[in-house]
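# Examining the three-dimensional arrangement
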Amino acid sequence: MSHAYRVELGEEILRVQDLKVWFPIKRDISDILLRKPQLYVHAVDGVSFNIRKREIFCLVGESGCGKTTTGKALLRLVPVHSGKAFFKPRKETLEILDAMGVKSENGFVELFGLKDSQFRPLRREIQMIYQDPYGSLNPRFRIKDVLEEVLLVHKIGSTKEERLEIIAKALEMVKLTPVEEFIDRYPHQLSGGQRQRVAIARAIIGNPSLIIADEPVSMLDVSIRAEILEVLLNLRTLLDVSFIFITHDLAVARYICDRIAVMYLGKIVELGDAREVIADPLHPYTEALIAAIPDPDPANRLKFRDLKIKGEVPNAVFIPPGCRFHPRCIYYEQHKETDKELEQLCPVVEPPLSEVKPERYVSCYRYPSIREIVKSGLPTVNKKE
Amino acid sequence: MALLEVENLRTYFYTLRGVVKAVDGVSFELEKGETLGIVGESGCGKSTLAWSLLRLVPPPGRIVGGQIRIDGKDIVGMSESEVRREIRWKRISMIFQGAMNALNPVYTVGDQIIEPLLLHTNMTKQEALERARELIEAVGLAPSILERYPHELSGGQKQRVVIAMALALKPDIVIADEPTTALDVVVQAQILNLMKKLHQEEKMSIILITHDLGVVTELSEKIAVMYAGKIVEFGRAEDIFENPLHPYTKALIRAVPRLKGDIHKLEYIPGTPPDLRSPPPGCRFAPRCPRRFEPCDKEEPPIIEYSKGHYVACWLYTKR
Ligand SMILES: Nc1ncnc2c1ncn2[C@@H]1O[C@H](COP(=O)(O)OP(=O)(O)OP(=O)(O)O)[C@@H](O)[C@H]1O
Ligand SMILES: Nc1ncnc2c1ncn2[C@@H]1O[C@H](COP(=O)(O)OP(=O)(O)O)[C@@H](O)[C@H]1O
Ligand code: SF4
Ligand code: SF4
Ligand SMILES: [Mg+2]
Ligand SMILES: [Mg+2]
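The structure contained in this document is the topic of the report that follows. (Residues numbered from 1 in each chain as written. Chains lettered and ligands numbered in written order. Predicted model: local features only at pLDDT ≥ 70, side-chain atom pairs only at ≥ 80, totals over all residues. Heavy atoms only, no water.)

### Some thoughts on the overall build of chain A
Test applied: Working definition: helices are DSSP H or I runs of at least four residues, strands are E runs of at least two. Numbering for both runs from the N terminus. This radius of gyration counts C-alpha atoms alone. The globule rule is 2.2 Å times how many residues there are, raised to the power 0.38. Each residue's exposure class comes from its accessible area (1.4 Å probe, protein chains only) as a fraction of the maximum for that residue type: buried when under 20%, exposed when over 50%, partly exposed otherwise. Any two residues whose heavy atoms approach within 4.5 Å at even a single point are treated as in contact.
Each helix and strand counted, chain A has 15 helices and twelve strands in total. Relative to the globule expectation of 21 Å for 385 residues, the C-alpha radius of gyration of chain A, 22 Å, shows essentially globular dimensions. On the principal axes, the C-alpha backbone points of chain A span a range of 75 × 55 × 50 Å. For chain A, with 385 residues in total, the buried portion stands at 56%. Summarising the internal contacts of chain A: among those between residues at least 6 apart in sequence, 67% fall at separations of at least 24.

### A look at the overall build of chain B
Our working definition: With residues, only the protein chains shown are counted as cover, and all accessible areas are computed by Shrake-Rupley using a 1.4 Å probe.
A tally of helices and strands in chain B yields nine helices and twelve strands. The C-alpha radius of gyration of chain B comes to 20 Å, within 12% of the 20 Å expected for a compact globule of 320 residues. Its C-alpha atoms put chain B at 65 × 50 × 40 Å along the principal axes. Across the 320 residues of chain B, 57% fall into the buried class. Once local pairs closer than 6 in sequence are excluded, the contacts in chain B between residues at least 24 apart make up 63%. Here chain B has roughly 13,900 Å² of accessible surface; of this, 50% comes from carbon and sulfur atoms.

### Side note on the site of ligand 3
Note the cut-off: Residues are counted as near a molecule or strand when any one of their heavy atoms sits within 4 Å of it. Amino acids are sorted into nonpolar (Ala, Val, Leu, Ile, Met, Phe, Trp, Tyr, Cys and Pro), charged (Asp, Glu, Lys and Arg) and polar (every other residue, Gly among them).
Close contacts around ligand 3 come from His283, Pro284, Cys323, Phe325, His326, Cys329, Tyr331, Tyr332, Cys346, Cys364 and Tyr365 of chain A, and that covers them all. A class-by-class count of the residues in the shell around ligand 3 yields nine nonpolar, two polar and no charged.

### Here's the deal with the packing of aromatic side chains
The way to describe two aromatic rings as a pair is by their centre distance and the angle between their planes. The criterion, for reference: Two rings from Phe, Tyr or Trp (for Trp, the six-membered ring) form a pair when their centres sit within 6.5 Å of each other. Planes less than 30 degrees apart are called stacked, planes more than 60 degrees apart edge-to-face, and all others tilted. Geometrically, a lysine NZ or arginine CZ counts as sitting over a ring once it is within 6 Å of the ring centre and also within 35 degrees of the ring normal.
By the definition in use, this model includes twelve aromatic pairs over all chains. Pairing Tyr12 of chain B with Tyr14 of chain B gives two aromatic rings, centres 6.4 Å apart and planes at 50°, and the pair type is tilted. Looking at Tyr14 of chain B, the relative accessible area reads 34%, which means it is partly exposed. Look at Tyr227 of chain B and Phe285 of chain B: their rings are 5.1 Å apart centre to centre, the planes differ by 85°, and that puts the pair in the edge-to-face class. Taken together, the residues Tyr227 of chain B in strand 9 (residues 222-227) and Phe285 of chain B in the loop between helix 9 (247-254) and strand 11 (304-307) connect sequence positions 58 residues apart. Here Tyr227 of chain B and Phe285 of chain B have matching classes, each one buried. Grouped by ring-pair contacts, the aromatic residues Tyr264, Tyr285 and Phe325 of chain A constitute a single cluster. Directly above the aromatic system of Phe108 of chain A lies the positively charged group of Arg15 of chain A, at a separation of 5.3 Å from the ring centroid. Above the face of the Tyr331 of chain A ring, Arg366 of chain A is positioned so that its terminal group lies 4.8 Å from the ring centre.

### Concerning the sheet that holds strand 8 (residues 242-247) of chain A
All names here are of chain A. Cut-off, in case you're wondering: Two strands are counted as paired when DSSP detects at least two bridges linking them. An axis is simply a line fitted to the C-alpha atoms; with a helix, the fit covers only the stretch in contact. Between two such axes, the angle follows the N-to-C directions and lies from 0 to 180 degrees.
A sheet is described by the order of its strands in space; here eight strands give the open sequence 6-7-8-3-9-10-12-11, paired in mixed fashion. Where the open sheet ends on each side, the last strands, each with one partner, are strand 6 (126-129) and strand 11 (354-357). The mean inter-strand angle of the sheet, taken between neighbouring strand axes irrespective of direction, is 25°. Pairing between strand 11 and strand 12 (residues 360-362): three bridges, direction antiparallel. Bridge pairing in strand 12 places Lys357 opposite Arg360. The strands touched by helix 8 (residues 192-204) within the sheet are strand 6 and strand 7 (210-214), with strand 6 carrying the most contacts at an inclination of about 175°.

### As for the coordination of the magnesium ion (ligand 6)
Using the following cut-off: A donor here means an N, O or S atom no more than 2.8 Å from the metal, or no more than 3.2 Å when the metal is Na, K or Ca. Since water is not included, a site may seem to lack partners.
Within the protein, the atoms that donate to the magnesium ion (ligand 6) are Ser47 of chain B (OG) and Gln97 of chain B (OE1), at distances of 2.0 to 2.2 Å. Here the residue Ser47 of chain B occupies a position in helix 1 (residues 46-53), and Gln97 of chain B occupies one in the loop between strand 6 (92-95) and helix 3 (109-120), the gap between them amounting to 50 residues.

### Concerning the nonpolar core
Short version of the rule: Buried Ala, Val, Leu, Ile, Met, Phe, Trp, Tyr and Cys residues form a nonpolar core when they are joined through side-chain atoms within 4.5 Å.
If you look at the biggest cluster of nonpolar residues, it comprises 85 residues, and the most contacted ones within it are Phe245, Ile256 and Ile260 of chain A. Counting residues per element, this core draws most heavily on helix 9 (residues 222-239) of chain A, at eight residues. Once residues lying within four places of it in the same chain are set aside, the contact partners of Ile260 of chain A are Cys58, Leu250, Ala253, Glu270, Leu271, Gly272, Ala274, Val277 and Ile278 of chain A. Counting 61 residues, the second largest nonpolar core, distinct from the first, contains Leu4, Ile75, Phe234 and Phe241 of chain B.

### Remarks on the side chain of Asp239 of chain B
Residues and elements named next belong to chain B. Within the secondary structure, Asp239 is located in helix 8 (residues 237-242). Since its relative accessible area comes to 12%, Asp239 is described here as buried. Sequence-distant contacts of Asp239, defined by excluding residues within four places in its chain, comprise Pro244, Gly309 and His310.

### Considerations on the pattern of salt bridges
A side chain of one charge can pair with a side chain of the opposite charge when the charged atoms of the two come close. Selection rule: One side-chain nitrogen of Lys or Arg within 4 Å of one carboxyl oxygen of Asp or Glu is enough to make a salt bridge.
Under the defined criterion, the tally for this structure stands at 53 salt bridges over all chains. Between Glu218 of chain B and Arg305 of chain A there is a salt bridge, and its shortest N-O distance comes to 2.6 Å. Placement of Glu218 of chain B in helix 7 (residues 213-219) and of Arg305 of chain A in the loop between helix 12 (284-292) and helix 13 (330-335) is noted, with the two residues assigned to different chains. Of the two residues examined, Glu218 of chain B and Arg305 of chain A, each falls in the buried class. Glu267 of chain B is the salt-bridge partner of Arg254 of chain B, the closest N and O atoms lying 3.2 Å from each other. One end of the pair, Arg254 of chain B, is in helix 9; the other, Glu267 of chain B, is in the loop between helix 9 and strand 11, and 13 residues separate them in sequence. Take Glu267 of chain B: its relative accessible area is 39%, and that puts it in the partly exposed class.

See the structure below:
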């Protein structure tokens, strides 16, 4: 299936390895006196992926599965428990980092090992767009001020005029034109879609190489959504930028993304080409998600939706042992009697995310090759780099 | 005579900064046991329409014109006490937008379900509890939920409780305003399955309000497309999706990405919906309409029956 928007992808720019973000749960005095162990919300619990230049990489999954936390971790906005993230900044930034004494390898720096002062130059390169176009802009700032602030922080443009020129260019890229008409407005004088475009302009104005877009269209009306998706799609060739696109909407993911990673309870359970994953899901959870989505079709009203999943998402404090999906897995339930090996594996040993078809990764014992990996005690990562 | 007949309904909000014409001349009918979906963008008047049908428009809003007839009897002119005694919750009830987050945190689920039963019927507390148990099972929950507090429930469980509350007095019509918007897809599918079951088994008439074109087709036999306070197109779901007439409906359908089939470029509607304090004089969609022509800015298009049961308000289909 061809896609009008497919572009040539460049070299790898980000490699995330076994990222874990755990939030400690506050203990009250009696818990401490009774020496109850510290509990954690395992928001992100061992996530690995890589992103190439100009790629739009999607994180999908139900609310609470750790999508936002993964994005925030890359900006060091949440405390990282363990794991590494190797990022390749642009040459100028690498030179600045070099001068600060930051070690790099083949142009990659490891984000979580940096001091705050060393991370600062990278803030310009990694930007985030938030879900809420209403809450994310300061109501007392005009658009011009919102954007100029970013330029001042990163010392871009030496004169007021130069900065205005850069601002105008950014607004043109997000199609807030004629620029004169918008530049002096306050957020309350803009529609939701226009606000979201200002948020995008703010993210791109420092010329980032990676944008983390957290549900950037979910709060917008359908009629405006398409316009924002269009703006984002155009940016990657205009700016050579890569995206981590976070969404719970698989139809949007299919439209805009190159690859998608499906997350469940803090882990990626399936990863692959966006169109292929949706047309032919390999993990029982992905299958269940897709089966639940209402596609606009009047014939649907005559049938009940067959839900290929049991129960509800468990609490991220007590992650089920073995395959974390097993308490809800219909495949496991239906096959454990006839396939005894499943019963020995699913509730006991965590299935590693491995390649079962070219460029299709999944973590599920339905696939014999994954059983083999576990049975032979091989290392759990089976990606060819 | 249809179960519900709405005729030229107008509901305005009298704010300090002007009159917001949130519902401005809406007419439709709902038969017994029928499901009607109302779709439209944020702010087009969907919730205001729903509040009007329950005679619960919040101030500074009020119904300023038109009729709402249930079994032929107009409720717009009825006294509040009569509405409370005869109509609200008994004939027509509602699942409010965001209601699952508005459950009272200090009362158990059971207490909250029996409250309207004690208030509106002659049931004893024992009978009310018995009915609450029935209701909670009808929405697929275990009776033990009745003793729990809202914060102990998941989003999907809370939404089921809210549905049970709307069903408490066995209404003929239930309005569900964005009943699944805050829920994940799996839970959304469970809730929609539940509503389908209630519709089929209890022959309940449902008005489903949503901005989601996928959700609306899950349940609706008929669909009304609203834009800026008006119904611009109305028909069977098949009419609306297979043969949309109004340029707004067409654009809306082409603006949503699909899960199957070819991926073609999405279309979007330039601009934004009008300010309902000063809507454009002619067709309200005219400033954004790709098909706009000479009469559109001058005069409002009337709603006409284009083919049997398929209505549209657009000059393209009206001989002048
Ligand atoms: N209490 C109020 N006072 C003044 N104006 C109001 C009030 N409630 C709603 N409105 C206005 O009435 C119009 C219709 O609002 P309504 O809530 O019915 O929209 P909706 O279609 O339900 O939108 P959504 O999809 O966002 O729920 C809007 O312009 C809104 O701003
Ligand atoms: N600051 C925080 N403190 C404690 N728990 C958190 C915090 N942020 C997120 N969580 C928890 O981490 C999990 C993942 O959250 P999040 O990354 O926001 O999910 P998503 O974006 O996929 O909806 C959830 O269980 C959430 O409640
Ligand atoms: S590993 Fe077992 S429990 Fe987990 S998804 Fe696969 S079959 Fe289901
Ligand atoms: S009446 Fe005119 S402006 Fe309105 S929808 Fe029809 S063609 Fe467009
Ligand atoms: Mg999130
Ligand atoms: Mg509403």
